[in-house]
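Inside the fold
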Amino acid sequence: MIFPLGRPPGLCYQAGDLTSDKPLRIGVLGSGKGSNLVALADACESGAINASIAIVLSDVEDAGILKQAAQRGLAERFVAPGKFRTKLDETAEAACIDALTEAEVDLVALTGFMRILKGDFLRAFENRVINIHPSLLPSFPGLEAWKQALDYGVKVTGCTIHFVDQGIDTGRIIAQKPIDVKIDDTPQSLHDRIQAAEHELYPATVARIARGEVAFGGF
Ligand code: GRF
């Protein structure tokens, strides 16, 4: 069953109403250089998205994404991830939930956040967490998806925006953008073109969400 974004059944999270005209408040999580944050922030600033970046969180203290956020005067915070390599520990997950809740975010946008988010986090922001992945899912989930695509020999790859569920890159797909693979592509050249596509697709998709045009729910 598909529900309009603004009427989530059983939503345990109260901030904002995605069907109202009120600008959407976005929380961004990332571990890397922050190019998708820049694309989203620029689109918010220009009015292309009826939204603002309410807070930026990273599990990497010196991540570019935090520097990009600080340069733009956005609220930003490093959250120490704890003892695990691929997920946040309980304290870190709670700190992220608290920071996002205090910032009153309506939507959580992951941009290369290298930690798996688990039940508590996903329940706190049920159906409000989206991710960008550098392949046409369900092909090539996981790390270095552009390299996986090149190694496999596909002729078309691209990027995907999807809701986040408990799996790895498995949530329901919201939008995709295809990219042709060139005969002389290297992992770097292909990744560069995919990232350029991401910088168009992510803001365009969040703009659709802010306009209440994206449905959520089951498959
Ligand atoms: C993006 O390529 C995204 O697809 C992947 O991580 C990368 C993040 O890049 N999940 P950036 O930090 O936004 O530049």
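So, on to the environment of Leu-136. Relative to the elements of secondary structure, Leu-136 occurs in the loop between strand 6 (129-133) and helix 5 (145-152). Placed 43 residues apart in sequence, Leu-136 and Ile-179 show a C-alpha to C-alpha distance of 9.2 Å. If sequence neighbours within four positions are ignored, Leu-136 has contacts with Val-156, Thr-157, Gly-158, Cys-159, Thr-160, Gln-176, Lys-177 and Pro-178.

What follows is about the side chain of Thr-205. Assignment of secondary structure puts Thr-205 in helix 6 (residues 187-210). What Thr-205 contacts, discounting residues up to four positions off in sequence, is Ile-161, Ile-174 and Ala-175.

Here we come to helix 6. Between the first and last C-alpha of helix 6 there are 34 Å, a value that for 24 residues agrees with the 34 Å anticipated at 1.5 Å per step. Of the residues trailing helix 6, Gly-212 is marked for its positive phi of about 75 degrees.

Okay, the nonpolar core next. If you look at the biggest cluster of nonpolar residues, it comprises 39 residues, and the most contacted ones within it are Ile-26, Ile-49, Ile-53, Val-56, Ile-130 and Val-206. Sort the elements by how many residues they give to this core and helix 6 lands first, with 9 residues. When near neighbours in sequence (up to four residues on either side) are disregarded, Ile-53 contacts Ile-26, Val-28, Leu-37, Leu-40, Ala-41, Cys-44 and Leu-74. If you look at the next biggest cluster of nonpolar residues, it comprises 23 residues, including Leu-57, Val-79, Ala-99 and Leu-122.

Okay, the packing of aromatic side chains next. Tallied over the full model, the rule gives 2 aromatic pairs. With a centroid separation of 5.2 Å and 50 degrees between ring planes, the pair formed by Phe-121 and Phe-125 is classed as tilted. With respect to burial, Phe-121 and Phe-125 carry one shared label: buried. Directly above the aromatic system of Phe-84 lies the positively charged group of Lys-87, at a separation of 4.4 Å from the ring centroid.

A few words now on the sheet that holds strand 2 (residues 24-30). Strand order in this open sheet of 7 strands is 4-3-2-5-6-7-8, and the pairing throughout is mixed. The open sheet terminates on both sides in strands that have one partner only, identified here as strand 4 (76-78) and strand 8 (173-180). Pairwise comparison of adjacent strand axes, ignoring direction, gives a mean angle of 20 degrees for this sheet. Alignment of strand 7 (residues 156-163) against strand 8, held across 7 bridges, turns out to be antiparallel. Within strand 8, the position partnered with His-162 by the bridge is Ile-173. Contacts between helix 2 (residues 64-71) and the sheet are confined to strand 2, strand 3 (51-58), strand 4 and strand 5 (107-111), with strand 3 contributing the most and set at about 140 degrees to the helix. The sheet strands contacting helix 3 (residues 90-102) are strand 2, strand 3, strand 4 and strand 5, and the helix crosses strand 3 at an angle near 160 degrees.

Compared with the 18 Å implied by 1.5 Å per residue over 13 residues, the 18 Å span of helix 3 between its first and last C-alpha is a close match. Against the buried residues of helix 3 lie strand 2, strand 3, strand 4, strand 5 and helix 4 (119-124). Two to three positions downstream of the cap, the backbone nitrogen of Thr-91 sits 3.2 Å from a side-chain oxygen, assigning the N-cap of helix 3 to Asp-89. Downstream of helix 3 by a residue or two, Glu-104 has a phi angle that is positive, lying close to 55 degrees.

To continue, consider the pairing of strand 5. The buried fraction of strand 5 is high, at 5 of 5 residues. Because side chains alternate across strand 5, one face comprises the buried residues Leu-107, Ala-109 and Thr-111, and the other comprises Val-108 and Leu-110, equally buried. Inspection of the sheet shows strand 2 paired to strand 5 by 5 bridges, in the parallel sense. Paired with Gly-27 across the bridge in strand 5 is Val-108. Direction of pairing for strand 5 relative to strand 6: parallel, over a ladder of 3 bridges. Paired with Val-108 across the two strands is Val-129, which belongs to strand 6.

Before going further, it helps to examine unusual backbone geometry. Following Leu-137, the chain continues to Pro-138 via a peptide bond in cis, the omega torsion being 10 degrees. You can see Pro-138 is positioned in the loop between strand 6 and helix 5. Not every positive phi belongs to a glycine, and Asn-127 is a case in point at roughly 60 degrees. As for its placement among the helices and strands, Asn-127 is situated in the loop between helix 4 and strand 6. A relative accessible area of 27% means that Asn-127 is categorised as partly exposed. The backbone of Glu-144 sits at a positive phi, close to 45 degrees, despite the residue not being glycine. Among the structural elements, Glu-144 can be located in the loop between strand 6 and helix 5. By relative accessible area, which is 46% here, Glu-144 ends up partly exposed.

Cut-offs and rules
- Residues numbered from 1 in each chain as written.
- Predicted model: local features only at pLDDT ≥ 70, side-chain atom pairs only at ≥ 80, totals over all residues.
- Heavy atoms only, no water.
- Helix = DSSP H or I, 4+ residues; strand = E, 2+ residues; numbered from the N terminus.
- Contact = heavy atoms within 4.5 Å.
- Expected span 1.5 Å × (residues − 1).
- Core = buried A, V, L, I, M, F, W, Y, C linked by side-chain atoms within 4.5 Å.
- Buried < 20%, exposed > 50% of the residue type's maximum accessible area, 1.4 Å probe, protein only.
- Phe/Tyr/Trp six-rings, centres within 6.5 Å; stacked < 30°, edge-to-face > 60°.
- Lys NZ or Arg CZ within 6 Å of the ring centre and 35° of its normal.
- Pairing = 2+ DSSP bridges.
- Axes fitted to C-alpha atoms, helices over the stretch in contact; angles between N-to-C directions.
- Polar contact = N/O pair within 3.5 Å; in protein donor to acceptor, adjacent residues only side chain to side chain.

The values are spatial; any link to function lies outside them.
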